[in-house]
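Here is what each chain is made of, one letter per residue.
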Number of protein chains: 2
Amino acid sequence: MKTIGYLGPKGTFTKLAVDTAFNDEERRSFTTIPECIDAVDQGKIEIGVVPLENAIEGTVQLTVDYLVHQVRLPVVAEIVVPIQQHLLVRKDFSGELSTLKEVHSHSHAIAQCHQFIHQHLPDANIQFSSSTGKAAELVSESKEPIAAIGNIIAAKEYGLQIVKENIHDYPNNHTRFLVLAQDRSVVSINHPAKLERTTMMITLPSDKSGALHQILSAFAWRKMNLSKIESRPTKTGLGNYFFIIDVDQTYDDVLFPGVKQELEALGCSVDILGTYPVYHLNI
Amino acid sequence: MKTIGYLGPKGTFTKLAVDTAFNDEERRSFTTIPECIDAVDQGKIEIGVVPLENAIEGTVQLTVDYLVHQVRLPVVAEIVVPIQQHLLVRKDFSGELSTLKEVHSHSHAIAQCHQFIHQHLPDANIQFSSSTGKAAELVSESKEPIAAIGNIIAAKEYGLQIVKENIHDYPNNHTRFLVLAQDRSVVSINHPAKLERTTMMITLPSDKSGALHQILSAFAWRKMNLSKIESRPTKTGLGNYFFIIDVDQTYDDVLFPGVKQELEALGCSVDILGTYPVYHLNI
């Protein structure tokens, strides 16, 4: 039986992504991104799912930095899920929204629903919790007219009703998760993949004007489409950068080795962090 | 009297940045990034300080997205402070670290000190709080042998002792903050600026292979040095991107208008989000 580790606790978006993408594997909740990645690296679990972008709990930078600097595990899939935040109350609540005295959630979830709160709950007291799941738990245990902001899993796990759906400010916001595994054959996701992607890490020899332009030339003349580029400072000091580049095609034996060779000739170091299918899931 | 708004609560890194950079202005704590930005936009406060990168409380993406999509306020300065996490205990604690039963902090701070916790506090129970300040408050009120992870301000605000300094995993990690103001003349920071920077937002007409390379050509042949580039999906749908580009020089009347003109001829839209000094502060 395979075990999937994820950034917990119960009711997080990472758990929602895992439950939507996978079937009957075992699940194990981890308290931090590094702990989850370490567990896969040390063979304690087979698969790890960690947030990469727009996550409520967990930072983008931490996942990338930990994979780059500490534990180089292959990325074997990406899962993209829409961000859907709901207003959750106890099932016996039947009043108007305006009677809600408090709104509990993780500060990032509160921020994502800023306009809704401003318009519909201007007088409610905002209370921060360490996760959306914790907020839902607190509401489920309270006798007061209070609400939590969280996703559909948080509602189910804690027996709450969704009194207002989709209260997030941006309708087209998505969260991205990386699936990590030593052995890619253990990962099976029962959805059609939307596209294939290869993620590369490129480190420049030193800061110099136009270096990035030179790097991108290697992709441009091969007509390789980049869907993401992000510069990150290396942790070895100020002023040194590496780039994370997503190319929307599978690693092959001609184009990618050609790019790598050219960039290395320029003094860059080039690592392939993974070549993997991308799944867009509806929840 | 000017008022500076910041992402609170007490004891956060944003508060530390504000206290280090500014003198005797009034301070007002805000519970979310959008609330702080709105307050500056509506003239309720003169200056807002919000996290941009590597923040413990608050997301990178939220600050950029809110400035791009909702409220276009000028960036008038950037503050960079080193991330220094300490292990905090009550002043009457005098035991060994190994006797600490619990470690409390924001999940991102816990993750930043992953290796220290793993090596020195392997048996301590990890407890998440909604901010590093809340964790320090909880420790200050407890009679148990428990610790918090937080910065020097959290220690001072809650009367805790630093039992172990600099327990963060990466020594060269920094947090970046943006200073926002309608009127740049109200902002005075009593430190020498390290460099000048201009932040631009460039939106592509549509996804096409090599478009980014073409954009960077406009900077490269002018020998304009880019210190950061990040692609972000627009919130209008999947597959549309904009780029945030940092150029390490002040906006001028020749180079920047030239870049803008060329890029607009290619069908891009170009916005200047700010041209401002960057302050590196020691805390």
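What counts, and where the lines are drawn
Residues numbered from 1 in each chain as written. Chains lettered and ligands numbered in written order. Predicted model: local features only at pLDDT ≥ 70, side-chain atom pairs only at ≥ 80, totals over all residues. Heavy atoms only, no water. Helix = DSSP H or I, 4+ residues; strand = E, 2+ residues; numbered from the N terminus. Buried < 20%, exposed > 50% of the residue type's maximum accessible area, 1.4 Å probe, protein only. Contact = heavy atoms within 4.5 Å. Areas by Shrake-Rupley, 256 points an atom, 1.4 Å probe, with all protein chains shown as cover. Lys, Arg positive; Asp, Glu negative; His and termini not counted. Charge placed at Lys NZ, Arg CZ, Asp CG, Glu CD. Polar contact = N/O pair within 3.5 Å; in protein donor to acceptor, adjacent residues only side chain to side chain. Least-squares fit on C-alpha atoms with pLDDT ≥ 70 in both. UniProt positions renumbered as here; feature names shortened; annotations may be inferred. Buried area = accessible area lost by both parts, 1.4 Å probe. Salt bridge = Lys/Arg side-chain N within 4 Å of Asp/Glu carboxyl O. Nonpolar A, V, L, I, M, F, W, Y, C, P; charged D, E, K, R; others polar. Pairing = 2+ DSSP bridges. Axes fitted to C-alpha atoms, helices over the stretch in contact; angles between N-to-C directions. Domains from an automatic or database assignment.

## Things to note about the overall build of chain A
And then number 1: The helix and strand tally for chain A stands at nine helices and 14 strands.
And then number 2: Taken over 283 residues, chain A has a buried fraction of 59%.
And then number 3: In chain A, 76% of the contacts between residues at least 6 apart in sequence involve partners at least 24 apart.
And then number 4: Accessible surface computed for chain A: about 11000 Å², of which carbon and sulfur atoms make up 47%.
And then number 5: Of the side-chain charges in chain A, 25 are positive and 33 negative, and the distance between the mean point of each set is 1 Å.

## A look at the side chain of His168 of chain B
All names here are of chain B.
And then number 1: Tracing the chain through its elements places His168 in the loop between strand S9 (160-164) and strand S10 (174-181).
And then number 2: His168 gets classed as buried once you look at its relative accessible area, which sits at 13%.
And then number 3: A polar contact is formed between the side chain of His168 and the backbone oxygen of Ile83, at a distance of 3.3 Å.
And then number 4: Side-chain polar atoms of His168 contact the backbone nitrogen of Gln85, separated by 3.1 Å.
And then number 5: The contact partners of His168, leaving out residues within four places of it in the chain, are Ile83, Gln84, Gln85, Gln112 and Cys113.

## Digging into the relation of the copies chain A and chain B
And then number 1: Note on the copies: chain A fits chain B at an RMSD of 0.0 Å, the axial shift is 0.0 Å, and the rotation between them is 180 degrees. Viewed as a symmetry operation, the transformation between the two copies matches a two-fold axis.
And then number 2: Interface residue correspondence from chain A to chain B reaches 98%, placing this contact among same-surface, isologous pairings.

## Topic: the UniProt feature "site: Essential for prephenate dehydratase activity" (unreviewed entry) in chain A
And then number 1: Look at the UniProt record and you will see "site: Essential for prephenate dehydratase activity" (unreviewed entry) annotated at Thr175 of chain A.
And then number 2: With respect to the helices, strands and loops of the structure, Thr175 of chain A is situated in strand S10 (residues 174-181).

## Notes on the interface of chain A and chain B
And then number 1: Each side of the interface is counted separately: chain A has 56 residues, and chain B has 55 residues.
And then number 2: Summed over both sides, the interface of chain A with chain B buries roughly 4800 Å², with 59% coming from carbon and sulfur.
And then number 3: Our count for the chain A to chain B interface comes out at zero salt bridges.
And then number 4: On inspection of chain A and its partner chain B, the count reaches 13 residue pairs in polar contact (both at pLDDT 80 or more).
And then number 5: Looking at the side of chain A that touches chain B, the elements with two or more residues in it are helix H2 (33-41), helix H3 (60-69), helix H4 (107-112), helix H5 (114-120), helix H8 (211-220), strand S12 (226-233) and strand S13 (241-247) of chain A.
And then number 6: With seven residues, S12 of chain A is the largest single contributor of residues to the side of chain A that touches chain B.
And then number 7: Within the side of chain A that touches chain B, the residues separate by chemical class into 18 nonpolar, 27 polar and eleven charged.

## What to know about the sheet that holds strand S7 (residues 125-128) of chain B
Residues and elements named next belong to chain B.
And then number 1: Taking strand neighbours across the sheet as the criterion, the five strands line up as S7-S6-S8-S5-S9 in an open arrangement whose pairing is mixed. Since the sheet does not close on itself, it has two edges, and those belong to S7 and S9, each with one partner. When the angles between neighbouring strand axes are averaged without regard to direction, this sheet yields 35 degrees.
And then number 2: Contacts between helix H6 (residues 132-141) and the sheet are confined to strand S5 (86-90), strand S6 (102-105), strand S8 (146-150) and S9, with S8 contributing the most and set at about 155 degrees to the helix.

## With respect to the pairing of strand S12 (residues 226-233) of chain B
All names here are of chain B.
And then number 1: Taking burial as the measure, the eight residues of S12 include six buried ones, the bulk of the element.
And then number 2: The pairing of S12 with strand S13 (residues 241-247) spans seven bridges and is antiparallel. Bridging from a neighbouring strand, Arg232 pairs with Phe242 of S13.

## Section: the domain arrangement of chain A
All names here are of chain A.
And then number 1: Segmentation of chain A into domains returns domain 1 (3-83 + 173-186), domain 2 (86-164) and domain 3 (195-280).
And then number 2: Using only C-alpha atoms to locate each centre, domain 1 and domain 2 end up separated by 26 Å.
And then number 3: Contacts between the two partners involve 14 residues from domain 1, matched on the other side by 14 residues from domain 2.
And then number 4: Across the domain 1/domain 2 interface, buried area totals approximately 1100 Å², and carbon plus sulfur atoms make up 56% of it.
And then number 5: Along the contact surface separating domain 1 from domain 2 lie one salt bridge.
And then number 6: Residues that form the side of domain 1 that touches domain 2 fall into these classes: six nonpolar, four polar and four charged.

## A short note on helix H1 (residues 13-21) of chain B
Within an α-helix, residues lying three or four positions from one another point in the same direction, as the helix has 3.6 residues per turn.
All names here are of chain B.
And then number 1: Burial analysis of H1 places eight of its nine residues in the buried class, which makes it a mostly covered element.
And then number 2: Every buried residue of H1 is listed here: Phe13, Thr14, Lys15, Leu16, Ala17, Val18, Thr20 and Ala21.
And then number 3: For H1, the secondary structure elements touched by its buried residues are strand S1 (3-7), strand S2 (26-30), strand S3 (47-53), strand S4 (75-82), helix H7 (152-157) and S10.

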